[in-house]
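Topology and contacts: notes
Spelled out, the chains give:
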Amino acid sequence: MWLSLITASLAAVLSAAAQAATPVTLYAGDTIAPYSYTEAGEVKGLYVEIVRAVTQRMPDYQVNIEAVPWRRGLSYVESGQGFAIFPPYHRSAMRANLWPYSLPMLAEEVVVFCRPEVVAKGLQRWPDDFGGLVIGRNAGFASGGVALEQAIEQKLIQIEEAPNAELNLLKLAGGRLDCFIDDRLATQWQWGQMKKLGTLPLSAQDSLQEVQVLSREQGFLAYTNQHLERYPFKEDFVRQFDQQLYELYRSGELQQLVDAYLR
């Protein structure tokens, strides 16, 4: 009997705590693998894992992550229809209706990867030392900087585009590309997935080497500054999110999370 009473009391306390938690929806892009995407109806991604790790430390809030097309999510938050979105880059001048931004969650870097035999030639200066090489990149992915675009116009570098990173990496592993330009974590993740699935020949599994960092950005959780009457909890949420994100970083758990995700 006493056990039943204790169990009932505990259930009541937990129920009351759950009811007291403020429900909050955060938007994320639905096709930005490996950062935020959907698979079989489930929201996944490295940023998703980070946000979940942070918000699990915020018992005052019941956080739901909803993946939507990126432009739609931005529109929701910029209009005040939505509360916050991740992971936009810091573009406060362009997006006046997003403010503030959280502490940075993750550094994203655009990198040149090459085959070992190409690296052995001593590639150092970008793009000068890459003349005559065939470099792959994903269709629509224009990163690489002004210097690259000038080298392409002057026919010093040949660019080949493929629809996605997997095809480019298969071409690199097969020797049909000398180098490949893409986001570092996305490339490492895709390479790891191909290893797991056995789509890379064993002889090529060590044929990806990072040569040059071309650009760096950071991803944030960005909040709306419109219709704030809908979000009376905003100031507290912003404070708690940054505090718990910092603790995750300070303890080393954030890096452990990233490392585990890329295995």
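Residues numbered from 1 in each chain as written. Predicted model: local features only at pLDDT ≥ 70, side-chain atom pairs only at ≥ 80, totals over all residues. Heavy atoms only, no water.

Note the following rule: UniProt positions are given in the numbering used here, feature names are shortened, and annotations may be inferred rather than shown by experiment.
Going by what an unreviewed UniProt entry lists, the chain is known as Substrate-binding periplasmic protein and is assigned to Balneatrix alpica. Quoted verbatim from the Sequence similarities (unreviewed entry) field of the UniProt record, the comment on the chain reads "Belongs to the bacterial solute-binding protein 3 family."

Considerations on the packing of helix H6 (residues 165–173) against helix H7 (residues 184–197)
Helix-helix packing is characterised by the crossing angle of the two axes and by the distance between the axes. Basically, it comes down to this: Whenever a helix is involved, its axis is fitted only over the stretch in contact; in every case the axis is a line through C-alpha atoms, and angles between N-to-C directions fall within 0 to 180 degrees. By definition, any uninterrupted DSSP run of H or I lasting at least four residues is a helix, any uninterrupted run of E lasting at least two residues is a strand, and each is numbered from the N terminus. For this classification, under 35 degrees means roughly parallel, over 145 means roughly antiparallel, 65 to 115 means roughly perpendicular, and everything else is oblique. Working rule for contacts: check all heavy atoms of both residues, and any pair within 4.5 Å makes them a contact. Under the grouping applied here, Gly and all other residues not named as nonpolar or charged are polar, the nonpolar ones being Ala, Val, Leu, Ile, Met, Phe, Trp, Tyr, Cys and Pro and the charged ones Asp, Glu, Lys and Arg.
At a minimum axis separation of 10 Å, H6 and H7 run at an interaxial angle of 70°. Classed by the angle they form, the pair H6 and H7 counts as roughly perpendicular. Between H6, through Ala165, Glu166, Leu169, Leu170 and Ala173, and H7, the contact on the second element is made entirely by Thr187, Gln190, Trp191 and Met194. When its residues are assigned to classes, the contact of H6 with H7 shows six nonpolar, two polar and one charged.

Quick look at the side chain of Lys234
Condition: The rule is simple: take the accessible area with a 1.4 Å probe, protein chains only, and divide by the maximum for that residue type; under 20% is buried, over 50% is exposed, in between is partly exposed. The sign given to each residue is positive for Lys and Arg and negative for Asp and Glu; His and the chain ends receive no count. In what follows, salt bridge is the name for a side-chain nitrogen of Lys or Arg lying within 4 Å of a carboxyl oxygen of Asp or Glu. Two N or O atoms count as a polar contact when they lie within 3.5 Å, although within protein this holds only if one can serve as hydrogen donor and the other as acceptor, and sequence-adjacent residues are included solely when both atoms are side-chain atoms.
Its place among the elements puts Lys234 in helix H8 (residues 234–250). In this structure Lys234 is buried but unpaired, with Glu235 as the nearest side chain of opposite charge at 9.4 Å. Separated by 2.8 Å, the side chain of Lys234 and the backbone oxygen of Trp99 make a polar contact. Filtering out sequence-adjacent residues up to four positions away, Lys234 remains in contact with Phe83, Trp99, Pro100, Tyr223, Thr224, Asn225 and Leu228.

A few points about the state of the cysteines
Let me state the cut-off plainly: Disulfides are defined as cysteine sulfur pairs within 2.5 Å.
Applying the stated criterion across every chain, the model contains one disulfide. Disulfide pairing is shown between Cys114 and Cys179; the S-S distance is 2.1 Å. On the sign convention where negative means left-handed, the S-S torsion of about 100° between Cys114 and Cys179 marks this disulfide as right-handed. Of the two residues, Cys114 sits in strand E8 (residues 106–114) while Cys179 sits in strand E11 (residues 179–183), which places them 65 residues apart along the sequence. For the residue pair Cys114 and Cys179, the accessibility class agrees, reading buried in each case.

Examining the layout of surface pockets
For the record, the criterion: Computed over the protein atoms alone on a 1 Å grid, cavities are sets of points where a 1.4 Å probe fits but cannot get out and pockets are open sets with protein on both sides within 12 Å along at least five of seven lines; a residue lines them when it has an atom within 4 Å of a point. Grid points are joined across faces, edges and corners, and a volume is the space filled by probe spheres set on the points.
Estimates place the volume of the largest pocket at around 1,000 Å³. Together, 33 residues line the largest pocket, and Ile32, Tyr35, Tyr89, Glu108 and Phe141 are the ones closest to its centre. Taken together, the elements giving at least two residues each to the lining of the largest pocket come down to strand E2 (31–32), helix H3 (70–79), E8, H6, E11, H7 and strand E12 (209–219). Each residue belonging to the lining of the largest pocket can be placed in one class, and the counts come to 17 nonpolar, seven polar and nine charged. Those elements that place two or more of their residues in the lining of the second largest pocket are E8, H7, H8 and helix H9 (253–262). By residue class, the composition of the lining of the second largest pocket is 11 nonpolar, two polar and two charged.

Structural notes on H6
Cut-off, in case you're wondering: To obtain the arc, one takes the directions from the helix axis to the C-beta atoms.
Three or more residues of H6 are buried, namely Ala165, Asn168, Leu169, Lys171 and Leu172. Within H6, the buried residues cover an arc of 160° as seen down the axis, which keeps them to one side. Turning to H6, the residues buried within the fold contact strand E9 (134–138), strand E10 (158–162), E11 and H7. Two or three places before Glu166, at the opening of H6, Asn164 has a side-chain oxygen 3.2 Å from that residue's backbone nitrogen.

A short note on the pairing of E9
Along a regular strand, successive side chains alternate from one face of the sheet to the other. Note the following rule: DSSP calls a pair of strands paired once it identifies at least 2 bridges connecting them.
Among the five residues that make up E9, five are buried, leaving the element largely enclosed by the rest of the structure. Residues Val134, Gly136 and Asn138 point to one face of E9 and Ile135 and Arg137 to the other, with burial holding for every one of them. Both E9 and E10 contribute to a ladder of five bridges, which runs parallel. Its bridge partner lying in E10, Ile135 is registered against Ile159. Pairing of E9 with E11, which is carried by three bridges, proceeds in the parallel orientation. Across the sheet, residue Gly136 finds its bridge partner in E11, namely Phe180.

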